[in-house]
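Fold and contact review
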Amino acid sequence: MTKSDLVFQSYGRCCSRDEFFVDFYDHFMSSSDAIRNRFVNTDMAAQRHLLRNGIMQLILTARGMPDRKLRALGESHNRSNYNIKPEWYEFWLDALMKTVRQHDPENTPELEKAWREVLAPGIELIRGAY
Ligand code: HEM
């Protein structure tokens, strides 16, 4: 199996857990007050669904899908729009890895390494549009 196969399957196990996205945002918002403040007016139920899709886009792009949707996320997150600071993406990925460890019963250090490697180019694309 390729790394992206491993990640794709791990994400399937994570998405079958109702609390996955709730726990992700709890961890992510605990990273800093600046991050928490970005979501004060956000409908978090809707946001959890949007993120479910967004992570799928990161994985599918790593698997060869065109990057059009990630470029749109780069645009919405850039300095002219949500103004998401480039250094916040490390908190985002750390919060995601913490949530995967918590919810994927098959999680291992190698799997976490695969997640980080598979997502890196897509995250760079979004961050790089700042
Ligand atoms: C690669 C990592 C990320 C992905 C895949 C992602 C994905 C998404 C998606 C799919 C949306 C909804 C679609 C849109 O509005 O364009 C969104 C909105 C948003 N994201 Fe991200 N995001 C990421 C990183 C971040 C980071 C680091 C922050 C920092 C606080 C952040 C803050 C926001 C905010 C504030 C919104 C709008 C919420 C609202 O509508 O009130 N995102 N993100």
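Look a little higher up for the structure.
First, a word on what this report is: a plain description of the structure on this page.

Scoring rules and cut-offs
Residues numbered from 1 in each chain as written. Predicted model: local features only at pLDDT ≥ 70, side-chain atom pairs only at ≥ 80, totals over all residues. Heavy atoms only, no water. Phe/Tyr/Trp six-rings, centres within 6.5 Å; stacked < 30°, edge-to-face > 60°. Buried < 20%, exposed > 50% of the residue type's maximum accessible area, 1.4 Å probe, protein only. Helix = DSSP H or I, 4+ residues; strand = E, 2+ residues; numbered from the N terminus. Lys NZ or Arg CZ within 6 Å of the ring centre and 35° of its normal. Axes fitted to C-alpha atoms, helices over the stretch in contact; angles between N-to-C directions. Parallel < 35°, antiparallel > 145°, perpendicular 65-115°, else oblique. Contact = heavy atoms within 4.5 Å. Nonpolar A, V, L, I, M, F, W, Y, C, P; charged D, E, K, R; others polar. Salt bridge = Lys/Arg side-chain N within 4 Å of Asp/Glu carboxyl O. Near = heavy atom within 4 Å. Polar contact = N/O pair within 3.5 Å; in protein donor to acceptor, adjacent residues only side chain to side chain. 1 Å grid on protein atoms, 1.4 Å probe; cavity = no way out; pocket = protein on both sides within 12 Å on 5 of 7 lines; lining within 4 Å. Sits in = over half its atoms within 2 Å of the grid points.

Within this structure, the stated rule accounts for eight aromatic pairs. Ring centres of F24 and Y25 lie 4.9 Å apart, and the angle between their planes is 75°; this geometry places the pair in the edge-to-face category. You'll find F24 and Y25 in the same group, each marked buried. Measuring from ring centre to ring centre gives 5.5 Å for F24 and F28, while their planes differ by 25°; the resulting arrangement is stacked. Taken together, the residues F24 and F28, both in helix α2 (residues 20-30) and four residues apart, mark about one turn of the helix. This pair shows no difference in class: F24 is buried, exactly as F28 is. By way of ring pairs, the aromatic residues F24, Y25, F28, F39 and W92 are connected into one cluster. The lysine or arginine in question, R63, covers the ring of F8, its NZ or CZ lying 4.5 Å from the ring centre.

A word on the packing of helix α1 (residues 3-15) against helix α7 (residues 109-128). Two numbers describe how α1 lies on α7: the axes approach to 9 Å, and their chain directions differ by 105°. The orientation of α1 relative to α7 falls into the category roughly perpendicular. When α1 is examined against α7, the residues K3, S4, L6, V7, S10, Y11 and R13 are found in contact with a partner set consisting of L111, A114, W115, E117 and V118. Split into classes, the residues belonging to the contact of α1 with α7 amount to seven nonpolar, two polar and three charged.

Tallied over the full model, the rule gives eleven salt bridges. The salt bridge partner of D104 is R13, with a shortest N-O separation of 2.6 Å. You can see D104 sitting in the loop between α6 (88-103) and α7 and its partner R13 sitting in helix α1, a full 91 residues away along the chain. For D104, a relative accessible area of 2% puts it in the buried group. E112 is paired through a salt bridge with R116; the nearest N and O atoms lie 3.2 Å apart. Of this pair, E112 and R116 are both found in helix α7, four residues apart, which corresponds to roughly one turn of the helix.

So, on to the site of the ligand. Near the ligand there are 18 residues, and of these T42, S76, H77, Y82 and W92 occur at the shortest range. Residue S76 places a side-chain N or O atom 2.7 Å away from an oxygen atom belonging to the ligand. At 2.9 Å from a nitrogen atom of the ligand is found a side-chain nitrogen or oxygen belonging to H77. When each cavity is represented as a set of grid points, the ligand is found to reside in the largest pocket. Broken down by secondary-structure element, the contributors of at least two residues to the shell around the ligand are α4 (44-62), α5 (68-77), α6 and α7. Its residues placed into classes, the shell around the ligand shows 13 nonpolar, four polar and one charged.

Turning next to the side chain of N78. Tracing the backbone through its elements, the reader meets N78 in the loop between α5 and α6. For N78, a relative accessible area of 10% puts it in the buried group. Within polar-contact distance, the side chain of N78 engages the backbone nitrogen of S80 at 2.9 Å. Look past the residues within four positions of N78 in its chain and what remains in contact with it is N83, I84, A129 and Y130.

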